[in-house]
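# Observations on the model geometry
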Amino acid sequence: MNTTQLVSFHSSKVEIRAAGAKGIGLFACSPIQDGELLVITGGRILTTQQFETFSHGNLPFQVETFAHIAPVYPERPDGMFAVNHSCAPTAGLSGQLSLVALRALQADEEITYDYVMTDSDADGITPFIMKCLCGVTGCRGIITDRDWRQPELRERYRGYFSSYLQKRF
């Protein structure tokens, strides 16, 4: 992807490229250190009502219980909109819009995050349910917006949930 078209900040060590059945994904293009900033996501804020009617409903993610962020250009997602889910993620949230590496990464590793870190059930939002394609050992199989309520996930990702969601604990 031409970086002059990006709305989000991307580290020079990452790139968006094909990710097989998942469409696109974000990948390390050189070694990345544990804790290193990967992306800061830019976009437009949607109210719950706008989110419910957004034509690319699989792209936005929550930044508050009542608000989502969506890509400015849904036909060419960048930032976290280009990052796939995994039940064994390589990245976690810092604040509401940034991803950092959860461990050292090698070139060509896919950057993923667990959607439990951003999405939660809230009044007025159609429940989110997704079949997981990550295929890792321990995969949950089905991902929902209620997964954040699981104590083991809260503990596993402590400090890497979106700031609005951490306040709900």
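### A short note on the overall build of the protein chain
Across its full length, the protein chain carries 3 helices and 13 strands. Relative to its length of 169 residues, the protein chain is compact, with a C-alpha radius of gyration of 15 Å against a globular reference of 15 Å. Reported as C-alpha extents along the three principal axes, the dimensions of the protein chain are approximately 40 × 35 × 30 Å. Going through the 169 residues of the protein chain one by one, you find that 47% of them count as buried. Just so you have it, the protein chain exposes about 8,300 Å², and 52% of that area is on carbon and sulfur atoms. Charged side chains in the protein chain number 15 positive and 18 negative. The centres of these two groups are separated by 2 Å.

### A short note on the pattern of salt bridges
Taken as a whole and assessed by the stated rule, the structure comprises 10 salt bridges. Residues arginine 146 and aspartate 121 are paired through a salt bridge, measuring 2.9 Å at the closest nitrogen-oxygen approach. Of this pair, arginine 146 sits in the loop between strand S13 (142-144) and helix H2 (151-156) while aspartate 121 sits in the loop between strand S11 (110-113) and strand S12 (129-131), and the two are 25 residues apart along the sequence. On the basis of relative accessibility, which here comes to 47%, the residue arginine 146 falls in the partly exposed class.

### Side note on the packing of aromatic side chains
For the coordinates displayed, the defined rule picks out 5 aromatic pairs. Ring geometry for tyrosine 113 versus tyrosine 115: centroids 5.1 Å apart, planes at 55 degrees, classification tilted. Grouping residues by exposure puts tyrosine 113 and tyrosine 115 together as buried. Between tyrosine 157 and phenylalanine 161 the ring centres are 6.3 Å apart and the planes differ by 65 degrees, which places this aromatic pair in the edge-to-face class. For the residue pair tyrosine 157 and phenylalanine 161, the accessibility class agrees, reading buried in each case. Put simply, the rings of Trp148, Tyr157, Phe161 and Phe169 pair up and form one aromatic cluster. Here the guanidinium or amino end of arginine 76 rests over the ring plane of tyrosine 73, the centre of that ring lying 4.3 Å away.

### With respect to unusual backbone geometry
Even without being glycine, aspartate 108 reaches a positive phi, approximately 80 degrees. Inspection of the secondary structure puts aspartate 108 in the loop between strand S10 (98-101) and S11. A relative accessible area of 53% means that aspartate 108 is categorised as exposed.

### Observations concerning the pairing of strand S7 (residues 67-70)
Across the two faces of S7 the burial is the same, with Ala67 and Ile69 and His68 and Ala70 all buried. Sheet analysis places strand S6 (residues 61-64) next to S7, joined by 3 bridges and oriented antiparallel. Looking across to S7, one finds that glutamate 64 is bridged to alanine 67. The hairpin formed by S6 and S7 contains 2 residues between the paired strands.

### Here's the deal with the nonpolar core
Across soluble globular proteins, you tend to see nonpolar side chains buried next to one another. By size, the foremost hydrophobic cluster in this structure holds 36 residues, and its most contacted members are Ile32, Leu38, Leu99, Ile111 and Tyr113. Those residues in contact with leucine 99, other than ones at most four positions away along the chain, are Glu36, Leu37, Leu38, Val39, Met80, Val83, Ala91, Gly92, Leu93 and Tyr113. The next biggest cluster of nonpolar side chains, apart from the first, holds 6 residues, and it includes Leu46, Phe54, Ala122 and Ile125.

Definitions and limits used
Residues numbered from 1 in each chain as written. Predicted model: local features only at pLDDT ≥ 70, side-chain atom pairs only at ≥ 80, totals over all residues. Heavy atoms only, no water. Helix = DSSP H or I, 4+ residues; strand = E, 2+ residues; numbered from the N terminus. Rg over C-alpha atoms; globule rule 2.2 N^0.38 Å. Buried < 20%, exposed > 50% of the residue type's maximum accessible area, 1.4 Å probe, protein only. Areas by Shrake-Rupley, 256 points an atom, 1.4 Å probe, with all protein chains shown as cover. Lys, Arg positive; Asp, Glu negative; His and termini not counted. Charge placed at Lys NZ, Arg CZ, Asp CG, Glu CD. Salt bridge = Lys/Arg side-chain N within 4 Å of Asp/Glu carboxyl O. Phe/Tyr/Trp six-rings, centres within 6.5 Å; stacked < 30°, edge-to-face > 60°. Lys NZ or Arg CZ within 6 Å of the ring centre and 35° of its normal. Pairing = 2+ DSSP bridges. Core = buried A, V, L, I, M, F, W, Y, C linked by side-chain atoms within 4.5 Å. Contact = heavy atoms within 4.5 Å.

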